[in-house]
Amino acid sequence: MVEKTDRLYPVVSLCVYYGESEWDGPFSLKDMLKIPEKLQPLVSDYRMNLIQIRSSESLCFRNPDINTVFDVSRSIYARDYTKKIREVFLKADKKAFLKADRRALLRVSVQL
């Protein structure tokens, strides 16, 4: 049973968009509905928290793995495969990266 003094925890929903083109869809529930003018004040809106991977350079996450996923994804969209893969390998295992030849790295980047 909910008491008068009880408080709820907020829930934040995020939509992570990874399409190749800029998001051109609705940004809120009201944007998706056809609401008669008279009913507009009575309908609650629900704003979408949109993260577009292509334009997420300013975001910094506490989890370094999430940062890496976003960095690699942006590099793929920019068609800059070897640079980001090189950085990921260098962070993971410098010796293994230095031994890998360029053709092998290019095969990995194409498969991403």
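Conventions used here
- Residues numbered from 1 in each chain as written.
- Predicted model: local features only at pLDDT ≥ 70, side-chain atom pairs only at ≥ 80, totals over all residues.
- Heavy atoms only, no water.
- Salt bridge = Lys/Arg side-chain N within 4 Å of Asp/Glu carboxyl O.
- Helix = DSSP H or I, 4+ residues; strand = E, 2+ residues; numbered from the N terminus.
- Buried < 20%, exposed > 50% of the residue type's maximum accessible area, 1.4 Å probe, protein only.
- pLDDT = per-residue confidence, 0-100.
- Contact = heavy atoms within 4.5 Å.
- Phe/Tyr/Trp six-rings, centres within 6.5 Å; stacked < 30°, edge-to-face > 60°.
- Expected span 1.5 Å × (residues − 1).

Colleague: Before we go on, may I ask you to explain the pattern of salt bridges in this structure?
Modeller: In a structure, side chains of opposite charge can pair up when their charged atoms sit close to one another. Throughout the structure, instances matching the rule amount to 1 salt bridge. The salt bridge partner of aspartate 71 is arginine 74, with a shortest N-O separation of 2.4 Å. With aspartate 71 and arginine 74 both in helix H2 (residues 64-77) and 3 residues apart, the pair spans about one turn of that helix. Since its relative accessible area comes to 15%, arginine 74 is described here as buried.

Colleague: When you look at the confidence of the model for the chain in this model, what are you seeing that I'm missing?
Modeller: Do not read the fine detail of predicted coordinates wherever pLDDT is low. Predicted confidence across the chain gives a mean pLDDT of 78, with 72% of residues reaching 70 or more. Within the chain, the element-level pLDDT minimum falls on helix H5 (residues 102-111), averaging 49, and the maximum on helix H1 (residues 29-32), averaging 92. Segment residues 108-112: pLDDT under 50, and 4 contacts once partners within four positions in sequence are set aside and those in other chains are kept.

Colleague: How should the packing of aromatic side chains be read in this particular structure?
Modeller: Geometry of an aromatic ring pair is reported as the spacing of the ring centres plus the angle between the planes. Tallied over the full model, the rule gives 2 aromatic pairs. For the pair tyrosine 17 and tryptophan 23, a centre-to-centre distance of 5.1 Å together with 75 degrees between the ring planes defines the contact as edge-to-face. With a relative accessible area of 22%, tryptophan 23 lands in the partly exposed category.

Colleague: Even after reading the chapter, I still don't get H2, so can you show me in this structure?
Modeller: Since there are 3.6 residues in each turn of an α-helix, residues three or four apart along the chain are aligned in direction. With 14 residues, H2 should reach 20 Å at 1.5 Å per residue; the first-to-last C-alpha distance of 20 Å fits that figure. Here H2 has its buried residues at Asn67, Phe70, Ser73, Arg74 and Ser75. Phi turns positive, to about 60 degrees, at arginine 79, one or two residues after H2.

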